[in-house]
Amino acid sequence: MKKVVTRFAPSPTGYLHIGGVRTALFNYIFAKKHAGEFLLRVEDTDQERSKAEYTDAIIEGLNWLGLTFDGRPTFQSQRSELYKQEIDKLLLDGKAYRCSCSPERLDALRKEQESKGLKPMYDGLCRDKGITDENTVVRLKTPTEGSTIVDDAVYGKIEFINKELDDLIIQRSNGTPTYHLCNVVDDNAQGVTHIIRGEDHLPNTPRQIQIIKALGYDGFKYAHLPLVLGEDKKRLSKRHAATDLMAYKKLGYLADAILNMLARLGWSKTEKDIFSMDFLMENLELEDIQRSGAVFDIERLNFINQNHISELSDKKLLEEIKPFNDENSYSLDAHHDPEKLVRLCCGSGNNLTEISDFIKPFIKDFEKYDEKDFEKHLLGSETVLNFFISNIPNQEDWTVDNFAKLIEQAKEELQLPMPKIGLPLRVALLGRAKSPNLDATLYLFKKELVIERLQKALKTISEH
């Protein structure tokens, strides 16, 4: 049986789009599931817009996600001789021809056809002229009868009538090959067996199949993935959410969460919301991919990311959050229980940036109190603050259990319900009313800092 080979073929004219990542993921899983190869081909023939920084970002993004490609990446810009050989072969075999029609003639032809309600297409004027001038475009001789069938793993068999497909340009007048020709030649040369790509490429497929047949290639199996849409059901763009993969890394979304989210965009065989790459490798089949467009929902990604963060070990969680703490100009190295601090706060945000921001006032002083929390909870709480200022210095055994006992003592002596004790203390210590359980919150501070923050709160109240 022929070894399965898939490829991801981005153009380095921009950063790695989240929709492209979904395509890479499905190609990677299918190849590895069948003990095959996953290749990276950089389609950089647009020399004006292609940039090395975009290529580097594509490779960095794939590596971060763990979608490791086999071998070295190939670059279309370095394969022009191969394309020329195949075009020459088509010309020699009479399966392509040179066309000298001017842009003016083609424009006039298009307008005439449109005025008659016809589909604009080339009329084959130069098809049998035998033109040899090399300063002309080269067109493929498209079959004029019958049809071309695309047998797709997702969309089934689709028939395209050949007479509705005109003679495609496969080489420009300056000698450079066009996308469709390069695409087919590269896939054949690299031994690709399965082409898995976005639904927007489906109309291109009959064109490419005709090139395949003209060149005598064996051909490939196809699977076209539904488009990734925004919440308004239009193609995902920057107005819906960030589209650059690395923007999500910088915000603190885990690679596993991104892959989990993207796998659900077009594949819903499982009822599980949270799963691993191993689960995907075992369960994902091309035949289970849905046809309708898949909506990228940032709230769903947040939910998935929170779950993956909560599943990290304490050691891994500290490792993952460190760069975000560094960005926030603080370190947990000197904290007396960093594992507990991060574990208790990991549910406070959608990503590691938000969690790091939440932890920060445990380590560094906050700039100001939340105005609403100050007015609602801190004003008038002097009795509570003074009780803890008096009793905190006597806490020799700095544990959560001892603070639980002290809180019970405060409730009894001050005759106050828990909210009247907990909320003022949280605002005094953190500048806000949100924190882990109060006994744990007190434990996560150093004794001197608890007293300092409570005294600061009393002073602020008196000056208000």
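The paragraphs below set out a description of the structure included in this document. (Residues numbered from 1 in each chain as written. Predicted model: local features only at pLDDT ≥ 70, side-chain atom pairs only at ≥ 80, totals over all residues. Heavy atoms only, no water.)

## Here we look at the side chain of R98
So, point 1. Residue placement: R98 occurs in strand β4 (residues 96–99).
So, point 2. Put simply, R98 is tucked away with no salt bridge, and the nearest opposite charge, on E134, sits 4.8 Å away. (Helix = DSSP H or I, 4+ residues; strand = E, 2+ residues; numbered from the N terminus. Buried < 20%, exposed > 50% of the residue type's maximum accessible area, 1.4 Å probe, protein only. Lys, Arg positive; Asp, Glu negative; His and termini not counted. Salt bridge = Lys/Arg side-chain N within 4 Å of Asp/Glu carboxyl O.)

## Quick look at the sheet that holds strand β8 (residues 169–171)
So, point 1. Ordered by their spatial adjacency, 3 strands build an open sheet running β4-β5-β8, and the pairing between neighbours is antiparallel. Of all strands in the sheet, those with a lone pairing partner are β4 and β8, marking the two edges. Sheet twist, expressed as the mean angle between neighbouring strand axes with direction ignored, is 45°.
So, point 2. Here strand β5 (residues 137–140) runs beside β8; their pairing, made up of 2 bridges, is antiparallel. Counterpart to V138 in the pairing with β8 is Q171. (Pairing = 2+ DSSP bridges. Axes fitted to C-alpha atoms, helices over the stretch in contact; angles between N-to-C directions.)

## Considerations on the nonpolar core
So, point 1. Membership of the largest hydrophobic core comes to 132 residues, with the highest contact counts inside it found for I170, F296 and F388.
So, point 2. With 9 residues, helix α1 (residues 18–33) is the largest single contributor of residues to this core.
So, point 3. Non-local contacts of I170, meaning those with residues more than four positions away in its chain, are made with I87, L90, A96, V138, R139, L140, P177, T178, L181 and I211.
So, point 4. Core analysis: the second largest hydrophobic core is formed by 6 residues, C99, Y122, C126 and V137 among them. (Core = buried A, V, L, I, M, F, W, Y, C linked by side-chain atoms within 4.5 Å. Contact = heavy atoms within 4.5 Å.)

## Digging into helix α13 (residues 352–363)
So, point 1. Here α13 is 12 residues long and its end C-alpha atoms lie 16 Å apart, about the 16 Å a rise of 1.5 Å per residue gives.
So, point 2. Among all positions in α13, only L352, I355, S356, F358, I359, P361 and F362 are buried.
So, point 3. Looking at where α13 begins, the residue whose side-chain oxygen comes 3.2 Å from the main-chain nitrogen of T353 is N351. (Expected span 1.5 Å × (residues − 1). Polar contact = N/O pair within 3.5 Å; in protein donor to acceptor, adjacent residues only side chain to side chain.)

## Some remarks on the sheet that holds strand β2 (residues 37–42)
So, point 1. Across the sheet, which stays open at both edges, the 3 strands sit in the order β1-β2-β3 with parallel pairing between neighbours. The strands lining the two open edges of the sheet, one partner per strand, are β1 (5–8) and β3 (74–75).
So, point 2. As paired strands, β1 and β2 are joined by 4 bridges and run parallel to one another. Across the sheet, the residue bridging to R7 is L39, located in β2.
So, point 3. Docked against the sheet, helix α2 (residues 52–65) engages β1, β2 and β3, running at close to 160° with respect to β2.

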